[in-house]
Amino acid sequence: MAATAQGGQPPVPPVADTATRPRTPAGADSAARQRPLTAADTIKAPLTEAYAPAASAVRNVRLHWDRAELFEGGALTLGDLVARVPGVTLMTAGFLLAPSVPAWHGDPGGVRVFLDGIERDELTPRNGGVTDFSLVPLWALEDVVVEELPGELRVYARTWRVDRTTASSRTDVLTGSDNLNLFRGYFGKRASNGIAIQLAAQQASAMSSVGMGGSALGAMGRVGWAAGSWSADATFIRQGLDRDAGNRVLVNPGISGAVPAYKGASTLSYLRAGWRSPSADGPWAQLVAGGVGASLTQSSAAAPAGTPDSVSTDTTVSERQYTLLAGLNRSALRVSGGARIRGLRGTMDVAPVARVEAVRRYGAVTLSAERRHGGIVTWDAKVQSSPFDWLRFSATTGAWQSSAGTAAAAGTSLDAAVRLWGRWLGVGAVRVAERDVLGPVEFDTTARGARVPAGTGVKVSFGGPLIAGWSLQADAVNWSSAAAFRPQTETRTRLWFDSRFLGAAPRGNLNVMAALTHEYRSQYFVPAGSDALGQQARSYNVYSALVEVRISTAVVYWDYRNMTGLTYATFPGYLMPRILNIYGVRWDFWN
């Protein structure tokens, strides 16, 4: 549902999370919370946060990342992060600045992004309604929660906040192969009267032999105030991108400039007022008045005929969005509802949303419904049970109804997990209905969309500690057959060592993590005109390594991707980088 779920406690206690290192303390500005308070440093009432569902996975799968974890594991974009969820197929045409589109269960339009409670509708004409994750600013976030449903994946992202009166700063510096240079800077401070000031920016540049080099500049600013139960803030986020054309070299003959050059930006600005927190017991309410914008100053030869991008070299599209949500959290019952109002191209659209959760120690029931933008009504239900600490079950179903009244099942999923000697073994099955899906036209206009047949997939996961600081996480998805945007088999396996060496450094100022990751994808198809399987990419096995060393509040790391130098593509025809070396430092500090 459209960002209507509560925070608070998970409906069912989540499976032990062994996918990354132990979680840092929760809350705003979590890195700063690890330092002791002084007479000159106090914690102020936090700025209100956007609503997000509690991350609860039966299988041992990570669905929640806090601020520190967002940047661990080598993720440079939100697409890199979401691609770790089994069932997500990430399609990209190159490195950092290239278009990046995740497909959920074979649907490139099945991943919805809510940024601080505002649904990020894709407005760029050349993208055909499919979100390009290269324009979603991972660097500006403090928290990401993913909600899995058979028919769609919902990504709830919340931007960085501060709650300390001592100024907090952070600097990230990265460099590496393909002439990569990336710099991030953050500054945030709370005044004694509750006023908050935040500034952040990221500058990135890269060059590649197959094109799609260029630069990207993003900026974030926030002025806010919070005291007691009340909070208000004004926030502005802009992600600019100046990208060269990209070449399609793994086809015969090759296509120069298959992805046209891009120069534009994605913006989000809003005024937000909140009363109490949606994760606290009792009533709460929040009003957000914002705007989503997209600008393009260079035409696209790959845009569908008749769209503004195909006839103009200067396009600006903006959407007004107003969100009013309120709820009540009382003991085992959590109820929320409201509406999202959009104004686009002279029309107004009202999308009501509602969600009810009944939570108990041994199980939970969740019911939600909404009218999506465009008139489609969706509803879904989830039942979770944990009769024992070592056994968990979950069942989810959903359906949709078009504005014409046609109803269809979106899908059904079943999951179970059992703990064996401290390790979790999870199995699941998902059934998705036959449906029309959008195509990533930015890669190829002949892949505009397809009728994807119904399919049944089996998911298996295993995770837990092995020996002497070593752990393993393995995930696999296998479908009954391959379909457009849905390879038959995908796996991801990660073996890592993680230790704080508390015997030698009892204050916890040292942490060493080293990981080896293997990713496999079977033969992969995308449409070509009316042929849903008209284009294909070969199967691949990619190995990568990562080393991170934390000393106090500084993290030095080395990311070694595609270490065997494999020639492969995640979208047919576009060469992925060979042997990428990325190294840098992330450093939090305050004074």
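Owing to the predicted nature of the structure, the values given are computational and were not obtained by experimental measurement. (Residues numbered from 1 in each chain as written. Predicted model: local features only at pLDDT ≥ 70, side-chain atom pairs only at ≥ 80, totals over all residues. Heavy atoms only, no water.)

Participant: What exactly am I supposed to notice about the overall build of the protein here?
Facilitator: The helix and strand inventory of the protein stands at four helices and 35 strands. Residues counted as buried form 56% of the 591 residues belonging to the protein. Carbon and sulfur atoms form 61% of the exposed surface of the protein, whose accessible area is close to 22700 Å². (Helix = DSSP H or I, 4+ residues; strand = E, 2+ residues; numbered from the N terminus. Buried < 20%, exposed > 50% of the residue type's maximum accessible area, 1.4 Å probe, protein only. Areas by Shrake-Rupley, 256 points an atom, 1.4 Å probe, with all protein chains shown as cover.)

Participant: Any chance you could explain the environment of Tyr51 here in plain terms?
Facilitator: Mapped onto the secondary structure, Tyr51 falls in the loop between α1 (30-33) and β1 (64-66). In this structure, the C-alpha to C-alpha distance between Tyr51 and Ser336, residues 285 residues apart in sequence, is 9.9 Å. Of note is the side chain of Tyr51, whose polar atom sits 3.4 Å from the backbone nitrogen of Gln286. For Tyr51, the side chain forms a polar contact with the main-chain oxygen of Leu325, separated by 3.4 Å. (Polar contact = N/O pair within 3.5 Å; in protein donor to acceptor, adjacent residues only side chain to side chain.)

Participant: Which parts of the structure should I look at to understand the nonpolar core?
Facilitator: Nonpolar side chains in soluble globular proteins tend to end up buried together. By size, the foremost hydrophobic cluster in this structure holds 42 residues, and its most contacted members are Leu70, Leu78, Leu81, Leu141, Val144, Val146 and Val155. Those elements giving two or more residues to this core turn out to be α2 (67-71), α3 (78-82), β4 (111-115), β6 (141-148), β7 (153-159), β15 (262-275) and β16 (282-296). When sequence neighbours within four positions are dropped, the list of residues in contact with Val146 reads Leu63, Trp65, Val85, Leu153, Arg154 and Val155. In terms of nonpolar packing, the next biggest core, distinct from the first, is built from 22 residues, Val130, Ala258, Ala450 and Val452 among them. (Core = buried A, V, L, I, M, F, W, Y, C linked by side-chain atoms within 4.5 Å. Contact = heavy atoms within 4.5 Å.)

Participant: For this particular structure, what's the right way to read the packing of aromatic side chains?
Facilitator: Remark: the centre distance and the inter-plane angle together describe each pair of aromatic rings, the angle taken between the planes. Under the defined criterion, the tally for this structure stands at 13 aromatic pairs. A centroid spacing of 5.1 Å and a plane angle of 10 degrees characterise the contact between Phe388 and Trp390, whose relative ring orientation is stacked. Judged by its relative accessible area of 41%, Trp390 falls in the partly exposed class. Where Trp470 meets Phe497, the ring centres are 5.6 Å apart and the plane angle is 50 degrees; that geometry is what we call tilted. Placement of Trp470 in strand β28 (residues 470-479) and of Phe497 in strand β29 (residues 489-499) is noted, with a sequence separation of 27 residues between them. For Phe497, a relative accessible area of 18% corresponds to the buried category. Seen from the ring of Tyr362, Arg361 lies directly overhead, with NZ or CZ sitting 5.3 Å from the centre. (Phe/Tyr/Trp six-rings, centres within 6.5 Å; stacked < 30°, edge-to-face > 60°. Lys NZ or Arg CZ within 6 Å of the ring centre and 35° of its normal.)

Participant: Help me understand a nonpolar patch on the surface in this model?
Facilitator: On the surface, Phe187, Ile195, Ile197, Leu199, Val223, Trp225 and Trp230 cluster together into a nonpolar patch covering about 680 Å² of accessible area. Looking at Ile195, the relative accessible area reads 34%, which means it is partly exposed. (Patch = residues over 30% accessible without salt bridge, like charges linked within 9 Å, V, L, I, M, F, W, Y side chains within 5 Å. Salt bridge = Lys/Arg side-chain N within 4 Å of Asp/Glu carboxyl O.)

Participant: What exactly am I supposed to notice about the sheet that holds β6 here?
Facilitator: Pairing between the strands of a sheet comes from backbone hydrogen bonds, and it takes one of two forms, parallel or antiparallel. If you walk across this open sheet you meet the five strands as β1-β6-β7-β4-β5, and the pairing is mixed. Two strands bound the open sheet, and with one partner strand each, they are β1 and β5 (118-119). Here β6 runs beside β7; their pairing, made up of seven bridges, is antiparallel. Opposite Val146, over in β7, you have Val155 as the bridge partner. (Pairing = 2+ DSSP bridges.)

Participant: Sorry, what's going on with the pattern of salt bridges here?
Facilitator: For side chains of opposite charge, pairing can occur when their charged atoms come near one another. Under the criterion given, the structure shown has 34 salt bridges. Two residues, Arg372 and Glu152, come together in a salt bridge whose shortest N-O distance is 2.9 Å. Taken together, the residues span a long stretch of sequence, with Arg372 in the loop between β20 (363-371) and β21 (377-388) and Glu152 in the loop between β6 and β7 at a distance of 220 residues. Given the relative accessible area of 26%, Arg372 is considered partly exposed. Judged by relative accessible area, Glu152 falls into the buried class, the value being 8%. Notably, a salt bridge pairs Glu490 with Arg521, separated by 3.2 Å at the nearest N-O pair. Of this pair, Glu490 sits in strand β29 while Arg521 sits in strand β30 (residues 510-521); the two residues are 31 residues apart in sequence, bridging distant segments of the chain. Take Glu490: its relative accessible area is 14%, and that puts it in the buried class.

Participant: What's the story with the environment of Val427 in this structure? I'm lost.
Facilitator: As for its position among the elements, Val427 is in strand β24 (residues 423-432). Residue classification places Val427 among the partly exposed residues on the basis of a relative accessible area of 43%. In this structure, the C-alpha to C-alpha distance between Val427 and Lys459, residues 32 residues apart in sequence, is 5.6 Å. In contact with Val427, other than residues within four places in its own chain, are Arg59, Leu414, Asp415, Ala416 and Lys459.

Participant: Could you clarify how one ought to interpret the side chain of Asp349 in this entry?
Facilitator: Note on placement: Asp349 falls in strand β19 (residues 347-360). When its relative accessible area of 11% is taken as the criterion, Asp349 is described as buried. At 3.0 Å, the side chain of Asp349 and the side chain of Arg371 are in polar contact. Setting aside residues up to four positions removed in sequence, Asp349 forms contacts with Arg340, Ile341, Arg342, Arg371, His373 and Gly374.

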